[in-house]
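# Architecture and fold: a report
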Amino acid sequence: MWDAITDAPAWIHNDRQDLLAPNDLAQVLYAPLLADPRRPANIARFLYLDPAARDLLPDWDKAANDVAAMLRGEADRNPYSTDLTNLIGELSTRSEIFRKHWAEHSVRQHRTGPKKIHHPAVGNLELNFETMSLDSDPSLTLVIYTAVPNSPAPTPSASWPPGPPLRTSRKPTFTNASRKQRWQRTRWT
């Protein structure tokens with residue numbers, strides 16, 4: 001299934017918002033997020049700690065608030081996750097805006113909707129996204145973007161930066177052995 005998604009940016013993230021498996025188009029679309037060598041790349045860390053996030057996402061305020069609310073929901077479901085606690089601690093220590101959003105106690109799922117991206121090479125993109133949980137591991141979410149009708153589509157072309165797509169060099173990290181075993185049985189490489 002993963003190899004068949006070639007005409008749309010798609011990736012899989014976990015409940016901490018770690019970007020685990022971006023396809024080639026997602027790697028190009030989110031090149032600013034993947035520019036940080038720290039792996040796995042983390043959407044929340046990028047939004048709150050990297051100034052490039054405000055350039056990439058014109059609706060940065062909404063995106064940041066949504067991610068804090070999704071992390072809050074995950075913290076409610078999984079209060080003993082060391083990795084999640086460490087991420088929330090890092091964001092709370094380093095971002096006043098995250099502390100404000102966290103203190104609002106908002107909880108939300110962000111499963112579908114519009115997304116505006118200002119790509120440094122392509123310009124403004126208007127996209128729709130859909131997400132779905134993966135039955136093999138409900139902590140993983142597949143995200144797929146499609147272009148809004150009559151808007152530029154994020155497809156490989158002369159407009160995209162030349163050269164090979166960015167690669168995440170490390171496999172995802174897992175908090176328990178059963179998730180790692182499932183990944184090894186079902187990975188899409």
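One structure accompanies this document, and this report is about it. Owing to the predicted nature of the structure, the values given are computational and were not obtained by experimental measurement. (Residues numbered from 1 in each chain as written. Predicted model: local features only at pLDDT ≥ 70, side-chain atom pairs only at ≥ 80, totals over all residues. Heavy atoms only, no water.)

### A closer look at the overall build of the protein chain
Along its length, the protein chain carries eight helices and six strands. Moving toward the C terminus, one meets the helices and strands of the protein chain in the order β-β-α-α-β-α-α-α-α-α-β-β-β-α. Per-residue burial over the protein chain gives 46% buried out of 189 residues. Sequence-distant contacts in the protein chain: of pairs separated by 6 or more residues, those separated by 24 or more amount to 54%. Only carbon and sulfur atoms are counted for the fraction: they give 51% of the accessible area of the protein chain, which is about 10200 Å². (Helix = DSSP H or I, 4+ residues; strand = E, 2+ residues; numbered from the N terminus. Buried < 20%, exposed > 50% of the residue type's maximum accessible area, 1.4 Å probe, protein only. Contact = heavy atoms within 4.5 Å. Areas by Shrake-Rupley, 256 points an atom, 1.4 Å probe, with all protein chains shown as cover.)

### Quick notes on the side chain of H13
Tracing the chain through its elements places H13 in strand β1 (residues 10–13). Those residues in contact with H13 that lie beyond four places of it in its chain are D18, L19, L20, S139, L140, T141 and V143.

### Considering the pairing of strand β5 (residues 123–134)
Both β5 and strand β6 (residues 137–147) contribute to a ladder of eight bridges, which runs antiparallel. Each bridged residue has a counterpart across the sheet, and for E130 the counterpart in β6 is I144. (Pairing = 2+ DSSP bridges.)

### Brief notes about helix α7 (residues 96–103)
Among all positions in α7, only F98, H101 and W102 are buried. Buried residues of α7 fall within an arc of 100° about the axis and therefore sit on the same side. Every exposed residue of α7 that faces more than 90 degrees away from the buried side is listed here: E96, K100 and A103. On the buried face of α7, the contacting elements are α3 (43–49), α5 (60–77) and α6 (82–94). (Arc of directions from axis to C-beta.)

### Observations concerning the nonpolar core
By size, the foremost hydrophobic cluster in this structure holds 36 residues, and its most contacted members are L47, L71 and Y145. For this core, the element with the highest residue contribution is α5, accounting for eight residues. The residues touching L71, leaving out its near neighbours within four places in the chain, are D15, R16, Q17, A44, L84, L87, L91, F98 and W102. (Core = buried A, V, L, I, M, F, W, Y, C linked by side-chain atoms within 4.5 Å.)

### Details of the side chain of H101
Mapped onto the secondary structure, H101 falls in helix α7. The exposure class assigned to H101 is buried, which follows from its relative accessible area of 8%. When near neighbours in sequence (up to four residues on either side) are disregarded, H101 contacts Y48, D61, A64, N65 and A68.

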